[in-house]
Amino acid sequence: MLKLDASIVPGVSAAGLRLGDPVQQIQSLAVVPRRRLDQSLEHIELGPVAVWIRDGLIDQIGVAAGYRGVIAGTDVGIGSTLRQVSTALGDVFENDEDGLCVDGMPGICLETTLWADAPGRETVAHNLDAKIIEIYVFRPS
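Asks: Can you walk me through the overall build of the protein in this structure?
Replies: Of the regular secondary structure elements, the protein holds 2 helices and 10 strands. Of the regular secondary structure in the protein, the N- to C-terminal order runs β-β-α-β-β-β-β-α-β-β-β-β. Per-residue burial for the protein yields a buried fraction of 40% across its 141 residues. Working note: accessible area of the protein is about 7,800 Å², and carbon and sulfur atoms make up 51% of it.

Here it is as structure tokens:
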């Protein structure tokens, strides 16, 4: 069963699901539609939880509005601001794929509300009040 209050552990787990677990764990929850993204990758939506399956194993977990769990050891979760993330976890930076990451915390990526679009103001430092709308857990490379 999905646990919408479960801690989010970067690079390990969210919603009571663990990276690397077999897809059968999800299939036992209910009959859920799966969308094939390519030869080895599938996507499953489970309300506020999204799961990507690669070669039959949980490859990535995403959580969004309605998820109540927080990043392990903090009070940071959906609805928190980048300012709160920076205070509780460390500096936030944009990676090469425009994902928001936390310095020293591999295996987690954040998506926020829209940022200011004024030239020169599209940096994390200028958008600390942006709120987290999605959190992704994945195995760091």
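Asks: In this structure, what is going on with the environment of Gly62? I would like to understand it.
Replies: Within the secondary structure layout, Gly62 lies in strand β6 (residues 57–63). On the basis of relative accessibility, which here comes to 3%, the residue Gly62 falls in the buried class. The spatial distance from the C-alpha of Gly62 to the C-alpha of Tyr136 is 4.3 Å, given a sequence separation of 74 residues. If we ignore the near neighbours within four places in the chain, the residues touching Gly62 are Pro48, Val49, Ala50, Trp52, Ile135 and Tyr136.

Asks: Help me understand unusual backbone geometry, please; the structure alone is not making it clear to me.
Replies: Most of the time, phi is negative for any residue but glycine, and the peptide bond is trans. Despite not being glycine, Asp55 has its phi angle at roughly 50 degrees, a positive value. Mapped onto the secondary structure, Asp55 falls in the loop between β5 (49–54) and β6.

Asks: Any chance you could explain the pairing of β5 here in plain terms?
Replies: Side chains on a regular strand alternate between the two faces of the sheet. The buried fraction of β5 is high, at 5 of 6 residues. The sheet contact formed by strand β4 (residues 41–46) and β5 spans 6 bridges and is antiparallel. In the sheet register, His43 faces β5, and the bridge partner there is Trp52. The loop that links β4 with its antiparallel partner β5 comprises 2 residues; one of these, Gly47, has a positive phi angle of about 65 degrees. Where β5 lies against β6, 6 bridges are found, and the strand directions are antiparallel.

Asks: Honestly, the side chain of Thr74 in this entry has me stumped. Any pointers?
Replies: Mapped onto the elements of the fold, Thr74 is located in the loop between β6 and α2 (82–88). Apart from residues no more than four positions distant in its own chain, Thr74 is found in contact with Ala88 and Leu89.

Asks: It is not clear to me how a negative patch on the surface should be interpreted in this structure. Could you clarify?
Replies: On the surface, a cluster of negative charge is contributed by Glu94, Asp96, Glu97 and Asp98. In this structure, Asp96 sits in the loop between β7 (92–94) and β8 (100–102). Using a relative accessible area of 83% as the deciding quantity, one classes Asp96 as exposed.

Asks: Is there a simple way to think about the pattern of salt bridges in this case?
Replies: A side chain of one charge can pair with a side chain of the opposite charge when the charged atoms of the two come close. Counting across every chain of the model gives 3 salt bridges. Of the charged contacts, one joins Arg68 and Asp5 as a salt bridge, the two residues approaching to 2.7 Å between their closest N and O atoms. Of this pair, Arg68 sits in the loop between β6 and α2 while Asp5 sits in the segment before β1 (13–14), and the two are 63 residues apart along the sequence. Arg68 sits in the exposed class, given a relative accessible area of 53%. Between Arg83 and Asp129 there is a salt bridge; the shortest N-O distance is 3.1 Å. One end of the pair, Arg83, is in helix α2; the other, Asp129, is in the loop between β9 (105–112) and β10 (132–138), with 46 residues separating them in the sequence. On the accessibility criterion, Arg83 (41% relative accessible area) is partly exposed. Judged by relative accessible area, which is 54%, Asp129 ranks as exposed.

Rules behind the numbers
Residues numbered from 1 in each chain as written. Predicted model: local features only at pLDDT ≥ 70, side-chain atom pairs only at ≥ 80, totals over all residues. Heavy atoms only, no water. Helix = DSSP H or I, 4+ residues; strand = E, 2+ residues; numbered from the N terminus. Buried < 20%, exposed > 50% of the residue type's maximum accessible area, 1.4 Å probe, protein only. Areas by Shrake-Rupley, 256 points an atom, 1.4 Å probe, with all protein chains shown as cover. Contact = heavy atoms within 4.5 Å. Pairing = 2+ DSSP bridges. Patch = residues over 30% accessible without salt bridge, like charges linked within 9 Å, V, L, I, M, F, W, Y side chains within 5 Å. Salt bridge = Lys/Arg side-chain N within 4 Å of Asp/Glu carboxyl O. Lys, Arg positive; Asp, Glu negative; His and termini not counted. Charge placed at Lys NZ, Arg CZ, Asp CG, Glu CD.

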